[in-house]
Amino acid sequence: MTCIRVFTATLLVGIGVAHSSPQTLYQQHCAACHGADRLGGTGPALLPENLERLKRPEALRVIREGRVATQMHGFSQVLSAAESESLAAWIYTPVAPRPVWGEREIRDSRIVHHAPGSLPAKPAFAADPLNLFVVVEAGDHHVTILDGDRLEPIARFASRYALHGGPKFTPDGRYVFFASRDGWISKYDLWNLKTVAEVRAGINTRNAAVSSDGKFVAVANYFPHTLALFDQDLELLKVLEVTDAQQTKTSRVSAVYDAAPRRSFVAALKDVKELWEISYDPKAEDIPAGAIHDFRYREGAFVPGFLNPRRTPLEDYLDDFFFTQDYHELIGASRDGGKGQVIHLDVRRRIATLELPGMPHLGSGITWSRDGRTVMATPNLREGVLSVIDVKDWKTVRQVKTLGPGFFLRSHEKSRYAFLDAMMSREHRDTLQVLDKQSLEIVATLKPAPGKTLAHVEFDRYGRYALASLWESEGALVVYDASTLREVKRLPMRRPVGKYNVFNKISRSEGTSH
Amino acid sequence: MNRFPGKSSALLAISLALAALPAHSQQKDKPVHPGTPKEDLMYRGAPVPIKPGEAQETLRPKAPPMSPAEFDRAKQIYFERCAGCHGVLRKGATGKPLTPDLTQARGSDYLKVFINYGSPGGMPNWGTSGELSEADVDIMARFLQHEPPTPPEFGLKEMKASWKLIVPPEKRPKKKANKLNLENLFSVTLRDSGEVALIDGDTKQIVNIVKTGYAVHISRLSNSGRYLYVIGRDAKINLIDLWMEKPDNVAEIKAGLEARSVETSKYKGYEDKYAIAGTYWPPQFVIMKGDTLEPLKIQATRGMTVGEQEYHPEPRVAAIVASHNRPEFVVNVKETGKILMVDYSDLANLKTTEIAAARFLHDGGWDSTKRYFLVAANQSNKVAVVDTKTNKLAALVETGKIPHPGRGANFKDPKYGPVWATGHLGDETVVLIGTDPEKNRQHAWKVVRTLKGQGGGNLFVKTHPKSSHLYADTALNPDPKIAQTVAVWDIRNLDKPATILPIVEWSGIKEGARRIVQPEYNKAGDEVWFSVWNGKTQESAIVIVDDRTLKLKHVIRDKRLVTPTGKFNVYNTQHDVY
């Protein structure tokens, strides 16, 4: 019996080698950079969750030809076509058993490049540290730091692979936190132009939020289904397992945001009809868990309010939303479209429903004052329309017809204009439209490079310049004079997917999302 | 500080005229405000009949200004709509406390949003439902930032005014007029619908749904088992005659504005003669005629606390039990920490023995001999033991955090002899206290054993003389897996960990919080009934477990079972079997 078994085993190994199974090929050619467990290393994680946005033929092309400006070289000389194909198919299959990324893994992943307090507490350059732009270049996974007065880069460095969600700043504007799709959170010192600490908060991450006091960082994960909370030095504080109140179902976290006036993080959940608010105020009121027999004698179950979720039960999923400027309310779009729900964060229920045609991109909504009233406007991912809504009575003021579905809408307190793109449309993705915020008329169109996607505007701190992205691998930032709408400068960049002005972000300018 | 005593007779007369109308029309179940479910009105907004001019009020300087007329209006609304949950003194109950220190920090806008829209915690949407006008919401938001006005007293006159003798004794059946096995009948509190369900324990059929006060706290039986007394949190007492063809109300009364306890005389010669109710507000108790609820004697509980011996203006009455050893009621007073042994043999010359125990007395029950009464002082984490033979405090026993015994559970520990058990709101333990000073002196009034349960949030433990099981719910535990299951120990082998029963799973109900609350035995002691307590608009159930096999025996699912909580088996309640 024993002999036969040994023989069989040898035979199996023999077959494996002959046919070069994807597992074997992976360990031989890929594991060094992408990790033996496919969780990533110097290269990105190769898991179905993390590859959601990469089409399979594209994955095969990358295996064959490599990726320019990265360490990923082509394997067409090494692997047969069949082998490449089997590898490409295999990386879209789940890893079994499911990888674990808990408290221990997170703590073990932490890297401190510069200990807190070891770098000088003043800027190492002459530029205004509050008028810097952080530009995320997705083309080659780099970040450029731009002087917002001289419009010149002062630093450029390699980021973690595929930054996801906007970078978030500490209130003094000194530090910025980046989240990568593979879960890496990097803390960068803008005054010293150095990455000071990093931690891997998850395996597949959506975004991070930094508390208004700069002391807490929250990370929204898709995989595992957790929300991770860190202190300002990226030391793990706790991992919240994300489930519904009855613990019958876990959920991915779509996004987490800072709600500064509330001293809390607000998290949107993908798979559970709840909204979470997590206070970072150590004096936060206890959360009554379920029925309370007697508040006066504290007969009932209470959970400390600090760093624990307070749940708002929802009638519909809510994974994209917009906060009112005072953060008492938020507007979310229902997933089927057509309707928006206004949720009051104190009473924790829906207080109004509003008409929102198509699929509004509420995360990109902005507000301004018009005729003494505050209006909110949101671009639309599916239709060529911009919805302008009065936030007092939640009535639609106007549906402004645009060139096509867009993604971003940006303005500034000092500017009479708002800029919207049509990047979701085929014909007009190369054009920005300029809206007059008072008349609600389109007053100009900008098309600096026909055929090339133009999107994502950010103003400098004074509202003088509006910087738009030519969203191409050999792209650029196009700088406009915000009042004359004339191009003043063009800075070459590799697919600059986002740019973020320090001052506008830390002052929570009404013209930009946060 | 400004004071508006409201004693001017002209003002008082006007207020009375204005106030009397809505309070009355509402009690007659007339839909005062369109669109509000009746049960909402009954439960959430149980009206407290206070005429605005009657309450003492104090305006607070830092609070937004109010005119006396607005203050009057606010008071009326508060006592009609809000006091039921937030307490007549606004110190909080099932609703949050609303004292000026808290409300001023929140401000008018914040308060208005809550009053307008309500909250998922249970606060109704008074504004958007149209029940309160925008002006009223604004008045309420300001009112809540002022000192709470002192609610009025509730004396014999007010009680008599609320008293209704629906069927006088001479018109009631002379003998049992139904075929029910009354000893195995269950009175089940339907918390949020303001009703009790009478369920036949043999057939598991609902015999009748009887209208009562809201959020019925307990049911008690007369000594004979004929009369059922039910008291709501709004201090309304209903007397139900179980001899009627279809058992129903025969009398009702309001004993005050807020209450928790009712009991009946049980001593030989006084069977079925008296009933007693204790109130949270006013701080007092009333002794009534047993078969009519006619109020006879009201006694205040205001007085000095134990320990510091400071005056307390509102010591609330918690549990009351009837002594089997003397013609006495054992009245537990929360804030003073005193146990009053009230001798009902001579109401005209009332004698009371006052036993100093510990502060914040709550609930409790008898030991197996019914000589000793054990009551939790839940804020001081103690159980007080009263010897009702000598009328002396026998012991103060340290327990876990916030003991909540219900009536406790008596059984024989194989090692320590007779014990009484309590669980805790504040921790996962169930402690067993030795109760036999005669034969097990070394264990008497000591925690002899600590069982580790599933978690905190326990409301009730239960066993039965014929059972070898001890059950503990964890109804208020924040973890749904724990709140939806119960722990059961084999009392012959207490070293063995508890078995966990998946009651919710057995109920078949898929949605909602589905908290499992209060085990209750049938008369025979071979079945245990559990409430699957869900939200008011969701389906609830009663799950019946076979006590021998710990297997599911029956599930009662009926749309009339709205928020069932406490269940009271007639025989076990009548005879203090627990």
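All values derive from a computational prediction rather than experimental measurement.

> Just to check I follow, could you spell out helix 5 (residues 134-143) of chain B for this structure?
It helps to recall that an α-helix has 3.6 residues per turn; residues three or four apart then point in one direction. All names here are of chain B. By the criterion of burial, helix 5 is predominantly enclosed, with seven of the 10 residues buried. All buried positions along helix 5 are accounted for by Asp 136, Val 137, Ile 139, Met 140, Ala 141, Arg 142 and Phe 143. Elements that come into contact with the buried residues of helix 5 comprise helix 3 (68-86) and helix 4 (100-117).

> Just to check I follow, could you spell out unusual backbone geometry for this structure?
Backbone geometry follows two general trends: most residues other than glycine have a negative phi, and most peptide bonds adopt the trans configuration. The omega torsion of the bond from Phe 223 of chain A to Pro 224 of chain A falls at -5°, within 30 degrees of zero and hence cis. Within the secondary structure, Pro 224 of chain A is located in the loop between strand 10 (216-223) and strand 11 (226-231). That bond from Trp 281 of chain B to Pro 282 of chain B is cis: its omega, -10°, falls within 30 degrees of zero. With respect to the helices and strands, the residue Pro 282 of chain B is situated in the loop between strand 10 (274-281) and strand 11 (284-289). One non-glycine residue, His 456 of chain A, lies in positive phi territory at about 60°. Even without a glycine there, the phi angle at Leu 293 of chain B is positive, about 70°. Of note, Leu 293 of chain B is situated in the loop between strand 11 and strand 12 (295-300).

> I'm lost on the sheet that holds strand 8 (residues 248-254) of chain B in this one. Help?
Two strands in a sheet stick together by hydrogen bonds in their backbones, pointing the same way (parallel) or opposite ways (antiparallel). Residue and element names in this part refer to chain B. With antiparallel pairing, the five strands of this open sheet are ordered in space as 1-8-7-6-5. With one partner strand each, in any of the chains shown, strand 1 (164-165) and strand 5 (216-221) form the two edges of the open sheet. Pairing of strand 1 with strand 8 involves two bridges; the strand directions are antiparallel. From the neighbouring strand, Lys 164 faces strand 8, where its bridge partner is Glu 252.

> Just checking my understanding: could you explain the packing of helix 4 (residues 56-65) of chain A against helix 5 (residues 81-90) of chain A for this structure?
For any two helices packed against each other, the geometry comes down to the angle between their axes and how far apart the axes lie. All names here are of chain A. Running from amino to carboxyl end, helix 4 crosses helix 5 at an angle of 130°, the nearest separation of the two axes being 9 Å. The angle between helix 4 and helix 5 falls in the class oblique. For the pair helix 4 and helix 5, the crossing hand works out as right-handed. Between helix 4, through Leu 60, Ile 63 and Arg 64, and helix 5, the contact on the second element is made entirely by Ala 81, Ser 84, Glu 85, Leu 87 and Ala 88. Classifying every residue of the contact of helix 4 with helix 5 by side-chain character gives five nonpolar, one polar and two charged.

> What is the right way to read the pattern of salt bridges from this model?
Pairing is possible between side chains that carry opposite charge, provided their charged atoms lie close to one another. Tallying each qualifying case throughout the model produces 67 salt bridges over all chains. A salt bridge links Arg 191 of chain B to Asp 192 of chain B, with the nearest nitrogen and oxygen atoms 3.0 Å apart. Here Arg 191 of chain B and Asp 192 of chain B have matching classes, each one buried. Between Lys 553 of chain B and Glu 527 of chain B there is a salt bridge, and its shortest N-O distance comes to 2.9 Å. With Lys 553 of chain B in strand 34 (residues 551-556) and Glu 527 of chain B in strand 32 (residues 527-533), this residue pair connects regions lying 26 residues apart in the sequence. We classify Lys 553 of chain B as partly exposed; its relative accessible area is 42%. Overlapping salt bridges bring together Glu 137, Asp 140, Arg 156, Glu 474 and Arg 494 of chain A as one network.

> Sorry if this is basic, but what is going on with the interface of chain A and chain B here?
When the parts of a complex come together, some accessible area is lost, and that lost area is often used as the size of the interface. Taken together, the 26 residues of chain A in the interface contact 41 residues of chain B. Interface of chain A and chain B: buried area, both sides summed, is about 2800 Å²; carbon and sulfur atoms make up 53% of it. Here chain A is connected to chain B by two salt bridges. Salt-bridge contacts for Glu 285 of chain A lead to Lys 96 of chain B; the nearest nitrogen and oxygen are separated by 3.3 Å. At the junction of chain A with chain B, the criterion picks out seven residue pairs in polar contact (both at pLDDT 80 or more). If you list the elements that add at least two residues to the side of chain A that touches chain B, you get strand 16 (287-294), strand 17 (299-303) and strand 22 (349-356) of chain A. Among the elements that take part in the side of chain A that touches chain B, strand 16 of chain A stands out by supplying seven residues, more than any other. Classifying every residue of the side of chain A that touches chain B gives 12 nonpolar, six polar and eight charged.

> What should I look at first to understand the packing of aromatic side chains in this one?
Geometry of an aromatic ring pair is reported as the spacing of the ring centres plus the angle between the planes. Counting across every chain of the model gives 27 aromatic pairs over all chains. When the centroid spacing of 5.6 Å and the interplanar angle of 80° are considered together, the rings of Tyr 78 of chain B and Phe 79 of chain B count as edge-to-face. Like Tyr 78 of chain B, the residue Phe 79 of chain B is buried in the burial classification. An aromatic cluster of three or more residues is present, and its members are Phe 216, Phe 265, Tyr 280 and Phe 306 of chain A. Lying over the aromatic face of Trp 90 of chain A, Arg 38 of chain A brings its terminal NZ or CZ to 4.4 Å of the ring centre. Stacked on the ring of Phe 503 of chain A, the Lys or Arg Arg 461 of chain A has its end atom at 4.4 Å from the ring centre.

> Hey, could you run me through the nonpolar core in this one?
The nonpolar side chains of a soluble globular protein tend to be buried, and buried together. One finds Tyr 78, Ile 115, Met 140, Phe 143, Ile 237, Met 288 and Leu 293 of chain B to be the most contacted residues of the largest nonpolar core, which totals 46 residues. Ranked by residues supplied to this core, first place goes to helix 3 of chain B with seven residues. Sequence-distant contacts of Ile 237 of chain B, that is, excluding residues within four places in its chain, are made with Val 230, Ile 231, Ala 251, Glu 252, Ile 253, Ala 255, Val 262, Ala 277, Met 288 and Leu 293 of chain B. The next biggest cluster of nonpolar side chains, apart from the first, holds 26 residues, and it includes Ala 45, Ala 197, Val 219 and Phe 223 of chain A.

> Help me out: how do you make sense of helix 4 of chain A in this one?
Residues and elements named next belong to chain A. Those residues of helix 4 not exposed but buried are Ala 59, Val 62 and Ile 63. Projection of helix 4 onto a plane perpendicular to its axis shows the buried side chains occupying an angular sector of 100°, all on one side. With respect to the buried face of helix 4, the exposed residues turned more than 90 degrees away are Pro 57 and Glu 65. If you follow the buried residues of helix 4, they end up packed against helix 5. Looking at the residues trailing helix 4, positive phi occurs at Gly 66, about 80°.

Calculation rules
- Residues numbered from 1 in each chain as written.
- Chains lettered and ligands numbered in written order.
- Predicted model: local features only at pLDDT ≥ 70, side-chain atom pairs only at ≥ 80, totals over all residues.
- Heavy atoms only, no water.
- Buried < 20%, exposed > 50% of the residue type's maximum accessible area, 1.4 Å probe, protein only.
- Helix = DSSP H or I, 4+ residues; strand = E, 2+ residues; numbered from the N terminus.
- Contact = heavy atoms within 4.5 Å.
- Pairing = 2+ DSSP bridges.
- Axes fitted to C-alpha atoms, helices over the stretch in contact; angles between N-to-C directions.
- Parallel < 35°, antiparallel > 145°, perpendicular 65-115°, else oblique.
- Left-handed = near helix turned anticlockwise from the far one by under 90°.
- Nonpolar A, V, L, I, M, F, W, Y, C, P; charged D, E, K, R; others polar.
- Salt bridge = Lys/Arg side-chain N within 4 Å of Asp/Glu carboxyl O.
- Buried area = accessible area lost by both parts, 1.4 Å probe.
- Polar contact = N/O pair within 3.5 Å; in protein donor to acceptor, adjacent residues only side chain to side chain.
- Phe/Tyr/Trp six-rings, centres within 6.5 Å; stacked < 30°, edge-to-face > 60°.
- Lys NZ or Arg CZ within 6 Å of the ring centre and 35° of its normal.
- Core = buried A, V, L, I, M, F, W, Y, C linked by side-chain atoms within 4.5 Å.
- Arc of directions from axis to C-beta.

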